[in-house]
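As a plain string of letters, each chain reads:
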Amino acid sequence: MADKMTSEQRSRCMAAVKGRDTKPELIVRRFLHAQGLRYRVNVKSLPGSPDIVLRKYRTVVFVDGCFWHGHEGCKFFKLPTSNELFWRHKIATNFARDFANNADLRLAGWRVIRVWECDIKTTERREATLRSLYYAITTKHIPGNFPAQAYPSCSYGTAETDRVELVAEPQAPYGADTLHLPEDIGKYDSLTIYEPIHVAHTKRRT
C-alpha cells in the first residue's frame, strides 16, 4: 500500500511526535501515583533517561512507543513506504540503543521494565498491564525471569543532586495491600522485565 503522505508531510508529522510526557506515559504515572508510589521522571543521570525511576525499588520503567522502538507484530508499527531505508536504519538504531541502555542499567543494579504503548492505549489491555506493572515493581524477585548475559558498561553519574523532576505524591503505605491483585497477575504477558546483573568482583593478585 502506497504511503498517502508526501515526504514533506511525513517529516512534519514525525517531528511533531512528543519524546516525553506522552499520553501513555501520563497514564502510567497517574496510576502509580494513585497507588502511593514515589518516583522521579526523565532522570538524565541514568542511561536512557528512564521515563520513571523508583529508587525505593531500584526499578526503572520505560513506556516505549511501538513505532519508534520497533514493536514487531503491532498494528502501531508500520514503516512508511517513502524513504523506507532511512526509517529502517532509524528504528534499528533505537533498538540497539535500548539494548545498550538495558545492559548498562542492569549492570548498575537496576531492574528494567519496558511497557509497550499499545498495551496502554487500548482500553481492553490497559488495566491488566497497569496491575502487572505495579506488581512487578513491588515484587523483589520474579520467578522464571533470569538475567541475560552481561555486556560492557559505560560510566554514568548517580548523584542525588542531579536536577530531576519530582512528582509530588500523598503519603501512602507501600506494598501490595494498596491494590487488590488478580490471581493470575504474575504472568507478565504485556511487560518486558530485566533483572539486575550482579557481577562478581575478584581481588587482584599482588
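Model, not experiment: these values are computed from the prediction.

Asks: Any details on unusual backbone geometry? Residues and values, ideally.
Replies: Its identity as a non-glycine residue notwithstanding, Ser49 has a phi of 45°, on the positive side. By the element assignment, Ser49 lies in the loop between β1 (40-41) and β2 (52-54). Non-glycine residue Asn83 carries a positive phi angle of around 60°. Tracing the backbone through its elements, the reader meets Asn83 in the loop between β3 (59-64) and α3 (84-107). Residue classification places Asn83 among the exposed positions, given a relative accessible area of 51%.

Asks: I'd like a description of the nonpolar core, backed by residues and values.
Replies: Of all hydrophobic cores here, the largest spans 22 residues; its most connected members are Val28, Leu32, Leu54, Val61, Ile113, Leu133 and Ile137. Looking at this core, the elements that each hand over two or more residues are α2 (23-34), β2, β3, β4 (111-116), α5 (123-138) and β6 (191-194). The greatest single-element share of this core, amounting to five residues, is contributed by α5. Counting residues in hydrophobic clusters, the runner-up holds nine residues, among them Phe67, Phe77, Leu79 and Trp116.

Asks: Lay out the environment of Gly48 with the relevant residues and their values.
Replies: Mapped onto the fold, Gly48 is located in the loop between β1 and β2. Looking at Gly48, the relative accessible area reads 38%, which means it is partly exposed. The sequence separation of Gly48 and Leu105 amounts to 57 residues, and the corresponding C-alpha distance is 8.8 Å. If sequence neighbours within four positions are ignored, Gly48 has contacts with Phe62 and Asn101.

Asks: Can you explain the confidence of the model for the protein? Please cite residues and give values.
Replies: Interpreting fine coordinate detail is not advised for predicted regions of low pLDDT. The pLDDT averaged across the protein works out to 74; a share of 63% of its residues lies at or above 70. This stretch, residues 9-18, has a pLDDT under 50; its non-local contacts, to residues over four places away or in other chains, come to eleven contacts.

Asks: Go over the packing of aromatic side chains with me, naming the residues and quoting the values.
Replies: Per the stated rule, a full pass over the model turns up five aromatic pairs. On the basis of an interplanar angle of 55° and a centroid distance of 6.3 Å, the ring pair of Phe67 and Phe77 is categorised as tilted. Here the residue Phe67 occupies a position in the loop between β3 and α3, and Phe77 occupies one in the loop between β3 and α3, the gap between them amounting to ten residues. Between Phe67 and Trp87, the ring centres sit 5.8 Å apart and the planes meet at 65°, which makes this aromatic pair edge-to-face. Of this pair, Phe67 sits in the loop between β3 and α3 while Trp87 is found in helix α3, placing the two residues 20 residues apart along the sequence. Neither residue differs from the other here; Phe67 and Trp87 are each classed as buried.

Asks: Could you give me a rundown of the environment of Thr138, with the residues and numbers involved?
Replies: By the secondary structure assignment, Thr138 is in helix α5. Residues Thr138 and Lys56, spaced 82 residues apart in sequence, show a C-alpha to C-alpha distance of 9.4 Å. Contacts of Thr138, omitting those with residues within four sequence positions, involve Leu37 and Tyr57.

Asks: Break down the environment of Val43 for me, with residues and values.
Replies: Position of Val43 relative to the elements: it lies in the loop between β1 and β2. Overall, the relative accessible area of 0% leaves Val43 in the buried class. Linking Val43 and Val53, residues ten residues apart in sequence, is a C-alpha distance of 7.2 Å.

Asks: Give me the pattern of salt bridges: which residues, what numbers.
Replies: Under the defined criterion, the tally for this structure stands at eight salt bridges. Among the salt bridges present, the one from Asp21 reaches Arg29, with a minimum N-O distance of 2.8 Å. Using a relative accessible area of 24% as the deciding quantity, one classes Asp21 as partly exposed. For Glu127, the salt bridge goes to Arg131, with nearest N and O atoms at 3.1 Å.

Cut-offs used in this document
Residues numbered from 1 in each chain as written. Predicted model: local features only at pLDDT ≥ 70, side-chain atom pairs only at ≥ 80, totals over all residues. Heavy atoms only, no water. Helix = DSSP H or I, 4+ residues; strand = E, 2+ residues; numbered from the N terminus. Buried < 20%, exposed > 50% of the residue type's maximum accessible area, 1.4 Å probe, protein only. Core = buried A, V, L, I, M, F, W, Y, C linked by side-chain atoms within 4.5 Å. Contact = heavy atoms within 4.5 Å. pLDDT = per-residue confidence, 0-100. Phe/Tyr/Trp six-rings, centres within 6.5 Å; stacked < 30°, edge-to-face > 60°. Salt bridge = Lys/Arg side-chain N within 4 Å of Asp/Glu carboxyl O.

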